[in-house]
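Architecture and fold: a report
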Amino acid sequence: MNTSAAMTLDEPVGTILCVDDEPNILASLRRLFRRENYRVLCAGSAAAGWAVLEEEHVDIVISDMQMPEVNGTEFLETVRQRWPDTLRLLLTGHADHEATIGAINRGEVYRYITKPWNEDAILLIIRDAFERQALQREKVRLEALTKAQNEQLRELNATLEQRVRERTAELTSAQKSLQASHERLKTNFLTLIKVLSSLTEMRSGAVAGHGRRVADLARRIALRMGLTAREAQDVFVAGLLHEIGKTGFPDTLIGIPESLLKGDNLGLYRKYPHLGEELLMPLEELREAARIIRTHRERFDGAGFPEGAAGFDIPLGARILAVAHDFEALQQGVLAQRRIDAAQATELVAESRGKRYDPSVVEAFYDIRTGRTIAEVIPEVAVGVAQLKPGMVLSRDLMSAEGALLLSADHVLTDRMLKQLAEFERRAGNELQLFVKSGAADAPDTHS
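Basis of the calculations
Residues numbered from 1 in each chain as written. Predicted model: local features only at pLDDT ≥ 70, side-chain atom pairs only at ≥ 80, totals over all residues. Heavy atoms only, no water. Disulfide = S-S within 2.5 Å. Buried < 20%, exposed > 50% of the residue type's maximum accessible area, 1.4 Å probe, protein only. Axes fitted to C-alpha atoms, helices over the stretch in contact; angles between N-to-C directions. Helix = DSSP H or I, 4+ residues; strand = E, 2+ residues; numbered from the N terminus. Parallel < 35°, antiparallel > 145°, perpendicular 65-115°, else oblique. Left-handed = near helix turned anticlockwise from the far one by under 90°. Contact = heavy atoms within 4.5 Å. Pairing = 2+ DSSP bridges. Salt bridge = Lys/Arg side-chain N within 4 Å of Asp/Glu carboxyl O. Phe/Tyr/Trp six-rings, centres within 6.5 Å; stacked < 30°, edge-to-face > 60°. Lys NZ or Arg CZ within 6 Å of the ring centre and 35° of its normal.

**Points about the state of the cysteines**
Applying the stated criterion across every chain, the model contains 0 disulfides. Not part of a disulfide, C18 finds its nearest cysteine sulfur in C42, a span of 5.0 Å. Since its relative accessible area comes to 0%, C18 is described here as buried.

**Quick look at the packing of helix 12 (residues 342–351) against helix 13 (residues 359–370)**
Two numbers describe how helix 12 lies on helix 13: the axes approach to 10 Å, and their chain directions differ by 160 degrees. Relative to helix 13, the element helix 12 lies roughly antiparallel. Taken as a pair, helix 12 and helix 13 cross one another with a handedness that is left-handed. Contact residues: A342, T346, E347, V349 and A350 in helix 12; V362, F365, Y366, R369 and T370 in helix 13.

**Brief notes about the sheet that holds strand 5 (residues 111–114)**
The 5 strands lie next to each other as 2-1-3-4-5, forming an open sheet whose pairing is parallel. Where the open sheet ends on each side, the last strands, each with one partner, are strand 2 (39–43) and strand 5. Averaged over all pairs of adjacent strands, the angle between strand axes in this sheet comes to 20 degrees, irrespective of strand direction. In the sheet, strand 1 (residues 15–19) pairs with strand 3 (residues 60–64) via 4 bridges, with the strands oriented parallel. Bridge pairing in strand 3 places V19 opposite S63. Sitting on the sheet, helix 2 (residues 46–55) touches strand 1 and strand 2, and the angle it makes with strand 1 is about 160 degrees. Of the strands in this sheet, strand 1, strand 3 and strand 4 (87–92) are in contact with helix 3 (residues 72–82), which crosses strand 3 at around 160 degrees.

**Some points on the pattern of salt bridges**
Within the structure shown, the criterion is met by 27 salt bridges. E151 is the salt-bridge partner of R154, the closest N and O atoms lying 2.4 Å from each other. Highlighted residues: R154 and E151, both in helix 5 (residues 119–204), separated by 3 residues, approximately one helical turn. R154 sits in the partly exposed class, given a relative accessible area of 48%.

**Focus on the packing of aromatic side chains**
Each aromatic ring pair is summarised here by two numbers: the centre-to-centre distance and the angle between the ring planes. Taken as a whole and judged by the stated rule, the model has 8 aromatic pairs. Ring centres of F33 and Y38 lie 6.3 Å apart, and the angle between their planes is 80 degrees; on these two criteria the pair is classed as edge-to-face. A residue is classified by how much of its surface remains accessible, and F33, at 0% relative accessible area, is buried. When its relative accessible area of 5% is taken as the criterion, Y38 is described as buried. Taken together, a centroid distance of 5.5 Å and an interplanar angle of 90 degrees make the contact between F300 and F312 edge-to-face. Here F300, found in the loop between helix 10 (287–295) and helix 11 (316–332), pairs with F312, found in the loop between helix 10 and helix 11; they are 12 residues apart in sequence, far enough to count as distant. Taken together, the aromatic side chains of F249, Y269, Y272 and F305 make up a single cluster linked through ring pairs. Lying over the aromatic face of F236, R219 brings its terminal NZ or CZ to 3.8 Å of the ring centre. Sitting over the face of the ring of Y272, K246 holds its NZ or CZ atom 4.7 Å from the ring centroid.

Here it is, written out as structure tokens:
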């Protein structure tokens, strides 16, 4: 067996095995292919060629048709059977047409090359053969990759439903755990607020449970008025902590009824809503409660403190807390020297609607306390401006279409006021309806 390899500095492009019984043919092919940087192996017979294929990886084999013992057809047929990935070319003379056809059929020859050959033509055939080899290998690689990916996809699809169920169960469990932790935090936060409320009562001299009673009543009023659960919760927290600003008071100021405070003591006392807001503002969750605490001692008529805000400029939560606070404070003797019972405190709050308190808040409070509306207790008659007479007393607040307070309940109408109402009605272009107390001499005769 005759073998040789092309030795170049560059990596060979591929390996070619040339099989021919004529040494000069092998030498010519070796010289031709070396120039193209191919690795060239040579064998002088079919048996020698098979031996090379046993030992070496060969991309292309070129076999002569006419060889002793085993011809090119038989040789290439064996190569096809044993080394099917090796591309096969046939070297033949012009007189070997029938044998060439046999070799093509039995050996599945890629191309045949006639003797004598054209060097450019044979090099072009070899380049095409290597390109075909590369394409075939890429095709095999891609088919293998596709098969592997399809298998992975089948496995994934087979287990996907189970994985989804397992992942859903994990997420559900995590969500429940997170929700439980969140609820615990909320509960602990509210418990801490209640503890702080109790400490505030101990320091401020309030009757035990005062903050809780104010908070509960304020929340009931808020819900009765249609506030959301979150808004009602803010009112409730503000009720628990509404006197936290008093914790900094000196001992001499603790326990003195509000009506007896004068001078510097009164000035200091009236700062407690503002101080309460300052204490709570750093906590983001308590900022709305802090805003309610700041304004819960304001009056609907503007005569309250600390800033003298009036009407709907006072936050609704603070207007609600004002009613709940004063109802409790009247019973404990905090606002005045004497204590009164719950029924008397209820009526005093009702009588101050439109002055100290928002009438709509008082309506909700009165309904909670008595199960009746104020109108059922205080008879009233609806009249137009033209029916009004001096001396009549309003039973309800008179509000503009925009919600602004025009006249408060219990206002006694004068001649001048009647003219102003008539002018306002003319400019507004809408008829006003007022409610005046009935059963008095100044009420209109509804039977005439």
